[in-house]
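Per-entry structural report
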Amino acid sequence: MAEIRLENVGHSYDDGATFALNPISLTWKDGNAVALLGPSGCGKTTLLNIISGLLTPSVGRVYFDGVDVTDLDTAKRNVAQVFQFPVLYDTMTVRQNLAFPLKNRNVAKDVIAARVEEIAELLGISKYLDIRPLKLRSDLQQLVSLGRGLVRKDVPAILFDEPLTVIDQNFKWTLRGRLKEMHNNTRHTLVYVTHDQTEALTFADEVVVLNKGDIVQTGTASDLFLTPQDEFVGFFIGSPGMNFLDGKVNDGAVIVGSTQIGSSAIANGNVRIGIRPEFLSLTSSGAGVAVKINRVEHRGGYKLVHADAAQGKFVAKLANDSALTAGQSAHLAFDPQRTYLFRDSKLCGTVDTKGAN
Ligand SMILES: Nc1ncnc2c1ncn2[C@@H]1O[C@H](COP(=O)(O)OP(=O)(O)OP(=O)(O)O)[C@@H](O)[C@H]1O
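Everything numeric here is computed off the predicted structure, so don't read it as measured data.

Scoring rules and cut-offs
- Residues numbered from 1 in each chain as written.
- Predicted model: local features only at pLDDT ≥ 70, side-chain atom pairs only at ≥ 80, totals over all residues.
- Heavy atoms only, no water.
- Pairing = 2+ DSSP bridges.
- Helix = DSSP H or I, 4+ residues; strand = E, 2+ residues; numbered from the N terminus.
- Buried < 20%, exposed > 50% of the residue type's maximum accessible area, 1.4 Å probe, protein only.
- Contact = heavy atoms within 4.5 Å.
- Near = heavy atom within 4 Å.
- Polar contact = N/O pair within 3.5 Å; in protein donor to acceptor, adjacent residues only side chain to side chain.
- Areas by Shrake-Rupley, 256 points an atom, 1.4 Å probe, with all protein chains shown as cover.
- Nonpolar A, V, L, I, M, F, W, Y, C, P; charged D, E, K, R; others polar.

Our next topic: the pairing of strand 14 (residues 269–275). For strand 11 (residues 243–250) and strand 14, the ladder comprises seven bridges, and the chain directions are antiparallel. Considered in strand 14, the bridge of F244 is made with G274. Sheet topology places strand 14 next to strand 20 (residues 339–343); four bridges connect them, and they run antiparallel. By the bridge assignment, I275 is partnered in strand 20 with T339.

Structure, rendered in structure tokens:
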């Protein structure tokens, strides 16, 4: 396994007129599981293909364990890859498909046999080992594809491009758990592209959030959830995402409408106040910003309350025993320790409880 380092790597598909991936520098530690997360078109696959060698970057250099591999093709980089859809040989059985990457490298027969059994067990496909893959459902075929990616232990990295797209929703949970367990045991360097935040957050040690060709934040699941550095991350991570209300800072006081919600040392001026639906409270009487409830959504274990304040629309995630109903007025209170201030989309400060009313 290898440390992967990118130095000022960027890519343009139109000779520099626009960049699908703006130049970035980063280092992923040997043995880490990294997820590349972002909406469609943000540059995830471009970045993955640059690492695999399918794409030569327009600028910058790629290093595996300090060795410059920028000009090496995929085969020479020796990485394992799993794509969105199955890539298998139908002239071979599942067992032979799984064995192929090892056989190709002259691994001893008994070692291959044991490893194939181990991977099949991990993926729950042991009973299909002697069948040809095209006889299987597409999700089972994709499991075989995953197995082919996972079977070798001597690769610098395993690269996954949305590998669970065709897998049944319920089995995805199981499989993610098994992949995580496998990673804990083997500490392969894994790079995993997904647009699904649950997949990224449950799987990866480190999540890289991309938007419009830029890395907007890199962090653990809780970094991204609790301290988004950018409004995009606040909104993109979480279900529903972070709320943003218009506010201002005036001589240290953080104010929404006419309510002081706390204090902050940042300069006077307008701010966007970011707070997650989990950390808002709504009461039918008392202090706080005046709001009107629009809609109450029952979600089984909790309620989502959609409301309007003069400073913006927002959603609060409340316990099932909340008695608030659509059409009524309410008061919004903030958890200052979980409230963040943004300017020009970037995090610029936090809120102190001092002065809150
Ligand atoms: N071969 C190509 N030629 C021209 N433009 C491309 C090519 N591949 C990707 N792009 C463009 O580059 C940008 C980034 O695409 P990329 O596939 O890396 O994004 P992505 O985040 O992986 O999206 P998706 O989740 O939809 O695959 C997009 O605007 C896309 O249209």
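This brings us to helix 3 (residues 94–103). Within helix 3 the residues assigned to the buried category are V94, N97, L98, A99, P101 and L102. Contacts from the buried residues of helix 3 go to helix 4 (109–123) and helix 5 (138–150).

Attention now goes to the site of the ligand. Taken together, Y13, A20, P39, S40, G41, C42, G43, K44, T45 and T46 make up the full set of residues near the ligand. Within the side chain of Y13, one N or O atom sits 3.4 Å away from a nitrogen atom of the ligand. Within the backbone of G41, one N or O atom sits 2.7 Å away from an oxygen atom of the ligand. In isolation the ligand offers 630 Å² of accessible surface; the protein chains occlude 53% of this area. For the shell around the ligand, the residue count by class is four nonpolar, five polar and one charged.

Distances and angles like these do not, on their own, reveal function.
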